[in-house]
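Per-entry structural report
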Amino acid sequence: AYSAIGGDGFTRRQRLPSSQGDALVPDIAIAATLALASIGGNCKDVNKSTSTQSYGKIVVVWHDNRFGQFEIMSADRMAGKWYSSAYGTNDTRVTQAQEDSLFPRIASDSRGNFRTVYHDYRRGRDNPWIFMSTFLGSKGRWDSSGQGGTDMPITPTGAGASLHPDVAIDAADGVMTAWHDD
């Protein structure tokens, strides 16, 4: 996958994080100064979502089956450098659940934190729930199940199947989520 930087007329392309496998999603939207990027070639990482901070940090999240089931992964870009497996460092595992974690969406707040929401089958294949994981900007790491922390359940007890969430953060750093409920 590639992005183009807007400041030079979208002519300079940057490679985005990817791994090997089959691509299932044709394109993604990149926030701030990045344009559209296409997932091409052989990728097993799908459904990317991107957020940026005013100070320039960009975080990309996606679901990826490199562990035999789909987990949420992340990579970031700071000071013009990608920190990902595509550039010789490691991608970060955000979730570590017994079942698939899918369709992440991400947003950032004014304090340098990132929130990602996704639907997850850890409570049963017939009843996916929405969970949220947080990147703590002050500590520079994810507080999530994939990093020894916890994921916050968002779906209320007794809800039906909760799928395809989205997240937004307002000017007062209030986090809002929305999803499809069966």
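Note: the structure precedes this text.
A few points on the structure. Treat the numbers as computed from the prediction; the structure is a model and nothing was measured.

Looking now at the environment of Gly 124. Tracing the backbone shows Gly 124 in the loop between β11 (114-120) and β12 (129-136). The exposure class assigned to Gly 124 is partly exposed, which follows from its relative accessible area of 25%. Taking the C-alpha atoms as reference, Gly 124 lies 9.9 Å from Ala 161; in sequence the two are 37 residues apart.

Here the idea is simple: oppositely charged side chains can pair when their charged atoms come close. In this structure the tally under the stated criterion is 11 salt bridges. Residue Arg 111 is joined to Asp 109 by a salt bridge in which the shortest nitrogen-to-oxygen separation is 3.5 Å. In this structure Arg 111 comes out as exposed when scored by relative accessible area, which is 53%. A relative accessible area of 4% places Asp 109 in the buried class. Of the charged contacts, one joins Asp 120 and Arg 122 as a salt bridge, the two residues approaching to 2.9 Å between their closest N and O atoms. Residue Asp 120 is classed as buried on the basis of its relative accessible area, which comes to 0%. The class of Arg 122 is partly exposed, set by a relative accessible area of 23%.

Calculation notes
Residues numbered from 1 in each chain as written. Predicted model: local features only at pLDDT ≥ 70, side-chain atom pairs only at ≥ 80, totals over all residues. Heavy atoms only, no water. Helix = DSSP H or I, 4+ residues; strand = E, 2+ residues; numbered from the N terminus. Buried < 20%, exposed > 50% of the residue type's maximum accessible area, 1.4 Å probe, protein only. Salt bridge = Lys/Arg side-chain N within 4 Å of Asp/Glu carboxyl O.

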